[in-house]
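# Summary of the model geometry
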Amino acid sequence: MRPFVFINAAMSLDGKISNDRREQVRISSPEDFRVVDRLRAESDAVMVGIGTVLSDDPKLTVKSEELRRERVERGLPENPIRVVVDSRARTPLNSQVLNQAARTIVAVAEVADEEKVELLRRRAEVFVAGKERVDLRALLEHLYSIGVRRLMVEGGSEINYSLIREGLVDEIRVFYSGMVIAGRRAPTLVSGESFDTPVEARLKSVEPLGNGVAVVWEMRTANLRKV
Ligand SMILES: NC(=O)c1ccc[n+]([C@@H]2O[C@H](COP(=O)([O-])OP(=O)(O)OC[C@H]3O[C@@H](n4cnc5c(N)ncnc54)[C@H](O)[C@@H]3O)[C@@H](O)[C@H]2O)c1
Ligand SMILES: Nc1nc(=O)c(N)c(NC[C@H](O)[C@H](O)[C@H](O)COP(=O)(O)O)[nH]1
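Keep in mind that this is a model prediction, so the values were computed, not measured. (Residues numbered from 1 in each chain as written. Chains lettered and ligands numbered in written order. Predicted model: local features only at pLDDT ≥ 70, side-chain atom pairs only at ≥ 80, totals over all residues. Heavy atoms only, no water.)

Bringing the site of ligand 2 into the picture now. Taken together, the neighbourhood of ligand 2 is formed by 18 residues, with Q24, I27, S28, K59 and K63 sitting nearest. Separating an oxygen atom of ligand 2 from a side-chain N or O atom of R40 is a distance of 2.8 Å. When ligand 2 is considered free in solution it has 520 Å² of accessible area, and contact with the protein chains removes 86% of it. Counting residues per element, the ones that place at least two in the shell around ligand 2 are strand 1 (4-12), helix 1 (30-41) and helix 2 (50-56). No other element matches helix 1, which puts three residues into the shell around ligand 2. (Near = heavy atom within 4 Å. Polar contact = N/O pair within 3.5 Å; in protein donor to acceptor, adjacent residues only side chain to side chain. Areas by Shrake-Rupley, 256 points an atom, 1.4 Å probe, with all protein chains shown as cover. Helix = DSSP H or I, 4+ residues; strand = E, 2+ residues; numbered from the N terminus.)

Laid out in structure tokens, this is it:
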């Protein structure tokens, strides 16, 4: 079994989630950031790829004190578990995801350097799955086994691609923002190689939000939460 998996992302009106230098661009409006914070607070774990850690150095914590308090009142830790998909154990030791604010799992593949893995083990839990690349199905199964029922994926484009390709995504929430980023090599929501047949999604909701619109798509390929 695996958790319910949803991707959350912010995209410019020209379809970019970052610029061609892969820098962190503030795409969400303040209104969207508040929704993102609530979605984190409602999740058991928040996952990103190592590309996002290297370019954004995110904290992946709940920002609102009230939402953190509500979690504690429900018997949960203040913040959801943070999960980094990092085949070769490249997570810098001074990354904010390794701070003490939340439980953190770094998922690595068998190719990861053993010394670096040992250093990571002093700061986080390390889960090994897959030879060259992290086996995402095995990771989701592990997360389910430790109680994760709702997993929020906050990118980036490579992780989004792999999860969709493997039919492991139930929903995608995109905030389309009133801005143009441009850039031939700027990442879009999903990278990788084009699918032979496009993966279909069903429109679930549309909501104007600040200077943009939030759209939730239900993925047709999600295989009933079975792994
Ligand atoms: N606007 C947004 O909502 C948003 C959200 C997150 C990230 N971003 C942007 O996305 C960019 C980072 O995206 P990215 O695509 O470079 O990196 P990513 O975060 O998707 O990480 C990809 C890396 O994860 C590792 N990995 C391990 N196992 C894997 C597997 N099974 N499948 C895929 N990858 C696997 C690989 O090393 C791969 O290079 C940054 O520019 C960041 O700012 C934007
Ligand atoms: N929803 C969203 N809107 C954006 O405009 C943007 N640039 C990101 N990017 C996702 C990325 O991973 C961010 O770096 C984390 O959202 C930061 O998380 P923290 O505040 O450090 O906890 N995400």
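Structure shown, so let's carry the discussion forward.
The next thing to look at is helix 4 (residues 114-121). For helix 4, the full list of buried residues reads K116, V117 and L120. All buried residues of helix 4 fall inside an arc of 100 degrees around its axis, so they share one side. Residues E114 and E115 are exposed on helix 4 and point more than 90 degrees away from its buried face. On its buried side, helix 4 packs onto strand 4 (104-108) and strand 5 (125-128). (Buried < 20%, exposed > 50% of the residue type's maximum accessible area, 1.4 Å probe, protein only. Arc of directions from axis to C-beta. Contact = heavy atoms within 4.5 Å.)

With that out of the way, let us pick up the pairing of strand 1. Where burial is concerned, most of strand 1 is hidden: nine out of the nine residues are buried. The side-chain alternation of strand 1 yields two buried faces, one formed by F4, F6, N8, A10 and S12 and the other by V5, I7, A9 and M11. For strand 1 and strand 7 (residues 171-177), the ladder comprises seven bridges, and the chain directions are parallel. Its bridge partner being in strand 7, A10 is matched across the sheet by F175. (Pairing = 2+ DSSP bridges.)

So, on to the site of ligand 1. With respect to spatial proximity, 26 residues lie near ligand 1, and among them R22, T52, S87, S157 and S162 are the closest. Separating an oxygen atom of ligand 1 from a backbone N or O atom of E158 is a distance of 2.9 Å. Contact with the protein chains covers 89% of the free accessible surface of ligand 1, which is 860 Å². No other element matches the five residues that helix 2 contributes to the shell around ligand 1.

What follows covers the sheet that holds strand 3 (residues 81-85). The nine strands lie next to each other as 5-4-3-2-6-1-7-9-8, forming an open sheet whose pairing is mixed. At either end of the open sheet lies a strand with only one pairing partner, and these are strand 5 and strand 8 (201-208). Pairs of neighbouring strands in the sheet enclose a mean axial angle of 20 degrees, with direction left out of account. Bridge count between strand 3 and strand 4: four bridges; the pairing is parallel. (Axes fitted to C-alpha atoms, helices over the stretch in contact; angles between N-to-C directions.)

Nothing here speaks to function; it is all geometry.
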